[in-house]
Amino acid sequence: MKNTALTETHIALGAKMVPFAGYNMPVQYVGINAEHETVRTAVGVFDVSHMGEFILKGEKALELIQAVISNDASKLFDGKIQYACLPNKTGGIVDDLLVYRVDEKTYMLVVNASNIEKDWNWISGFNTMGVDMKDISDRTSLLAVQGPKATEALQSLTDINLAEMEYYTFKKGVFAGIPNVLVSATGYTGAGGFEIYFDNEHADTIWEAIFKAGEAYGIKPIGLAARDTLRLEMGFCLYGNDIDDSTSPIEAGLGWVTKFTKEFTNSAALLAQKQNGVAQKLVGFEMVERGIPRHDYEIVDANGAIIGKVTSGTQSPSLQKAIGLGYVKTDLAKEGQEIFIKIRDNKVKAQIVKFPFYKNK
């Protein structure tokens, strides 16, 4: 099992460590609800150094990216980021990822930890145009500093004007005295904030500087368990749960990052899905009756007939109610539709609702 550059720090802080995507990762420090609340109301720091980073460089870098992703990367400009899928050849998704345009010949792709090798092999298989590809995952650390006070907590550490950074943009600069740090206005929580990329050798320096600068703002370390409840409250998909090799971007509600302005892997089949409709759709639901929905629980109708499957579920710390995501038959995927979750052979009533579950005030 791999460690991040900060594993010993997490252990010293009393984190509960678990295996995740081949890494030894902190799942929680003081408790999920308290950590979740910290990110929603103040500022928290996640070590997400397990994520993968690839650098693609060369005259044909954009051409390669366009061939493999669902979104249209030609719309990017220097310092702009795009969310996209890597469609496979059978209608599913190899992975979801972020595309960073450094300049017109240089891009960074950020992929899920569990898919680093799979994604590398997939993209390499399309690289017939001599694009220089580098996997920098093992030498790159990534901290997500999330929450409404993230800007104030971090501003003293950098000359980059954090308050002026627009969502899904990035800048490189000096951060905590370290040059060439990439600061990105992205995150997976819906609470605002930044993601900070740097070489492993600077991990301790940057971690300590962030916590010192953020002390007045109630900054705390946050584990992966709260990251999951935060993303679920926003209705954000998690690869391996809500999307995978068998779910299409159209079914998953990712049509907004599936652009048919160019050809890409399996684009003709996905266009047909968009035009003709799909048999199932990913929906969000709130439990009406008491019960926690869990991954792979059956979704049934009033008569007990199976109409779908839960992909993610939890007790929402912010909403104080149980919520979930799942695929249901398209004709039953309407807002307000009553559905039932099969929990220990009981039909427990739920209702389909619009994303996000949690609305920022």
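On a predicted model such as this, the values are computed, not experimentally measured, just so you know.

Criteria and thresholds
- Residues numbered from 1 in each chain as written.
- Predicted model: local features only at pLDDT ≥ 70, side-chain atom pairs only at ≥ 80, totals over all residues.
- Heavy atoms only, no water.
- Phe/Tyr/Trp six-rings, centres within 6.5 Å; stacked < 30°, edge-to-face > 60°.
- Helix = DSSP H or I, 4+ residues; strand = E, 2+ residues; numbered from the N terminus.
- Buried < 20%, exposed > 50% of the residue type's maximum accessible area, 1.4 Å probe, protein only.
- Pairing = 2+ DSSP bridges.
- Expected span 1.5 Å × (residues − 1).

Caption draft 1: Broad picture of the packing of aromatic side chains. Under the criterion given, the structure shown has 10 aromatic pairs. When the centroid spacing of 5.2 Å and the interplanar angle of 75° are considered together, the rings of Phe54 and Trp120 count as edge-to-face. In this pair, Phe54 is assigned in strand 4 (residues 52–57) and Trp120 in helix 4 (residues 116–124), connecting sequence segments 66 residues apart. With relative accessibility at 0%, the residue Phe54 sits in the buried group.

Caption draft 2: Region of the structure containing the pairing of strand 3 (residues 44–47). Alternating positions in strand 3 separate into two faces, Gly44 and Phe46 on one and Val45 and Asp47 on the other, with burial throughout. Here four bridges tie strand 3 to strand 9 (residues 140–146), and the two strands are oriented antiparallel to one another. Directly across from Gly44, in strand 9, lies its bridge partner Gln146. The pairing of strand 3 with strand 13 (residues 220–221) spans two bridges and is classified as parallel. The partner of Gly44 across the bridge, within strand 13, is Lys220.

Caption draft 3: Up close: the pairing of strand 10 (residues 170–175). Alignment of strand 10 against strand 11 (residues 178–184), held across five bridges, turns out to be antiparallel. Residue pairing across strands places Phe170 opposite Ser184, the latter belonging to strand 11. Where strand 10 hands over to strand 11, the hairpin turn is made up of two residues, of which Ala176 adopts a positive phi near 55°.

Caption draft 4: The arrangement of helix 6 (residues 203–214) in detail. Compared with the 16 Å implied by 1.5 Å per residue over 12 residues, the 16 Å span of helix 6 between its first and last C-alpha is a close match. What helix 6 keeps buried is the set Ala203, Ile206, Trp207, Ala209, Ile210, Phe211, Ala213 and Gly214.

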